[in-house]
Amino acid sequence: MLITLTRTGGFTGIPYAKTIDTTKIDPEKAKGVEEVLVSSHFSKVKPFDSAQGKNSNPDAFTYSISVEREGEIQERTIFENDLDPELRKLISYLQKL
Amino acid sequence: MAICFIVPPHILSAVVKNGNADQKDWAEKSIEISESIRQKRQAFDSLRSLRQELAPAGKQRLIYSANNSTDLPGVEIGTETTPPTDTAGKEAYTGTGATYDLYWTTYQRNSIDNRGMSLLSTVHYSEKYDNAFWDGEQMVYGDGDGQLFTQFTKPIDVTGHELTHGVTQYTANLDYQDQSGALNESFSDVFGSLVKQQSLHQTAAQADWLIGEGIFTSSVHGKALRSMKAPGTAYDDPVIGKDMQPGDMSGYVTTADDNGGVHINSGIPNHAFYLTAVAIGGNAWESAGKIWYETLTTKLKSSANFADCAYATVQSAGEIFGTGSKEEKAVEEAWKKVGVI
């Protein structure tokens with residue numbers, strides 16, 4: 001599985017991006033990625049539609065997460081204000097890897 | 001503050017009713033968390049309103065700590081009469097005070113809402129959090145990751161910047177997208193810089209015109225996050241990249257990221273303000289600052305673009321300093337130099 005986290009916005013305006021190939025990291029950590037993905041209900045997050053919303057909180061972050069496995073790609077864009085605790089855990093876990 | 005979750009409450013209720021055991025468990029937990037946050041926030045807002053009614057008129061600062069959680073506002077660590085002892089708390093207290101003072105003494109604005117709203121700041125938000133933001137009701141500051149960024153309370157202009165997002169919210173309420181979003185960012189940089197200049201007693205010629213100076217650790221090749229004097233030159237680092245801000249319309253960046261590049265294209269109106277301020281001379285908060293304040297609070301619609309802002313600032317300069325004044329000419333010349341008019 002290939003998982004990419006990107007972060008834009010924020011006071012600094014400096015973007016952040018990280019790609020993790022779970023076949024190339026410690027198997028325990030790869031298992032952890034699977035676990036936080038499931039517990040965050042990532043796949044149930046509604047795909048972003050730019051016509052329906054924007055990040056209206058000045059200087060808050062916007063996160064995009066892309067999960068690619070077996071040729072299928074799921075991509076979700078989430079505003080910082082819309083993060084629930086489980087999605088926060090997912091982002092935090094990926095950032096710490 | 002609207003606390004929004006990804007799944008709307010009516011869907012969560014439907015999942016509780018119709019989902020399988022696992023789905024029900026998740027939906028119930030989500031509802032529980034949402035309700036708990038809502039109740040806490042309501043209780044806090046009531047307390048804040050009561051304190052505001054009872055407090056004497058004038059500057060009212062409240063400093064909280066999230067203790068590295070994401071719960072807002074967190075626990076109280078300082079008030080107007082009992083300043084915090086924590087370093088980040090002290091910095092937020094000082095920066096908030098300097099911002100209140102600029103708006104009150106120079107523009108006779110009584111706090112963010114011009115009605116004496118208490119100024120609430122939460123420090124130590126989340127873990128290694130590289131950001132500061134205005135959430136619609138309060139300021140929030142991270143401690144930085146320690147490797148690239150220090151604590152976001154450190155530069156005084158960061159506090160001025162965030163509080164100005166509040167002022168914008170209560171006045172022009174500029175849409176946070178594309179050119180109006182870049183103007184929203186630019187007004188925050190302008191008044192953030194003016195807070196710093198006034199606190200250091202610097203004239204336009206003496207000021208460094210940097211935004212976020214001191215926010216980088218020594219491992220980053222950069223002076224600050226943005227330069228109003230020379231957009232695009234604030235940092236150039238192998239890890240975080242290069243400052244991408246343009247100083248005129250020839251470098252305008254079209255992008256879907258960051259709400260249409262609001263932190264990039266703000267370099268253009270930022271530079272227009274700098275050119276105006278140095279052309280007029282003296283203390284920028286007393287000249288160009290007054291023109292920009294008048295424009296923000298009385299002239300702009302939420303959908304304003306760069307050209308709207310340019311013509312509105314020329315009009316404000318004429319109204320404040322007189323038609324044909326050197327101030328009015330300086331504003332017009334500045335917007336011409338950055339290619340907006």
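Structure: see above.
This one's a predicted model, so the numbers in the text were calculated from it and none came from an experiment.

Conventions and cut-offs
Residues numbered from 1 in each chain as written. Chains lettered and ligands numbered in written order. Predicted model: local features only at pLDDT ≥ 70, side-chain atom pairs only at ≥ 80, totals over all residues. Heavy atoms only, no water. Helix = DSSP H or I, 4+ residues; strand = E, 2+ residues; numbered from the N terminus. Rg over C-alpha atoms; globule rule 2.2 N^0.38 Å. Buried < 20%, exposed > 50% of the residue type's maximum accessible area, 1.4 Å probe, protein only. Contact = heavy atoms within 4.5 Å. Areas by Shrake-Rupley, 256 points an atom, 1.4 Å probe, with all protein chains shown as cover. Buried area = accessible area lost by both parts, 1.4 Å probe. Polar contact = N/O pair within 3.5 Å; in protein donor to acceptor, adjacent residues only side chain to side chain. Nonpolar A, V, L, I, M, F, W, Y, C, P; charged D, E, K, R; others polar.

Here the focus is the overall build of chain A. Helix and strand counts for chain A come out as two helices and four strands. Starting at the N terminus, the α and β elements of chain A follow one another as β-β-α-β-β-α. Its C-alpha radius of gyration of 13 Å places chain A within 12% of the 13 Å reference for a compact globule of 97 residues. Projecting the C-alpha coordinates of chain A onto the three principal axes gives extents of approximately 40 × 25 × 25 Å. Residue burial in chain A is summarised as follows: out of 97 residues, 47% are buried. Taking the contacts inside chain A whose residues are at least 6 apart along the sequence as the reference set, 61% of them involve residues at least 24 apart. For chain A, the exposed surface amounts to about 4900 Å²; the carbon and sulfur share of it is 50%.

We now examine the environment of A:Val33. Residues and elements named next belong to chain A. Within the secondary structure, Val33 is located in helix α1 (residues 27-39). In the structure, Val33 is positioned 61 residues away from Leu94 in sequence and 7.4 Å away in space, judged by C-alpha atoms. Leave out the neighbours within four places in its chain, and Val33 touches Met1, Ile3, Thr22, Ile25, Tyr93, Leu94 and Leu97.

Okay, the interface of chain A and chain B next. Taken together, the contact pairs 30 residues of chain A with 36 residues of chain B. Of the roughly 2700 Å² buried between chain A and chain B on both sides combined, carbon and sulfur atoms contribute 59%. Summed over the three residues of chain A that lose the most area to chain B, namely A:Phe11, A:Ile14 and A:Pro58, the buried surface amounts to 26% of that side. There are ten residue pairs in polar contact (both at pLDDT 80 or more) connecting chain A and chain B. Sorting the residues of the side of chain A that touches chain B by element identifies β1 (2-9) and α2 (85-96) of chain A as the ones contributing at least two each. Element by element, the count of residues in the side of chain A that touches chain B is highest for α2(A), at four residues. Class assignment of the residues belonging to the side of chain A that touches chain B gives a composition of ten nonpolar, ten polar and ten charged.

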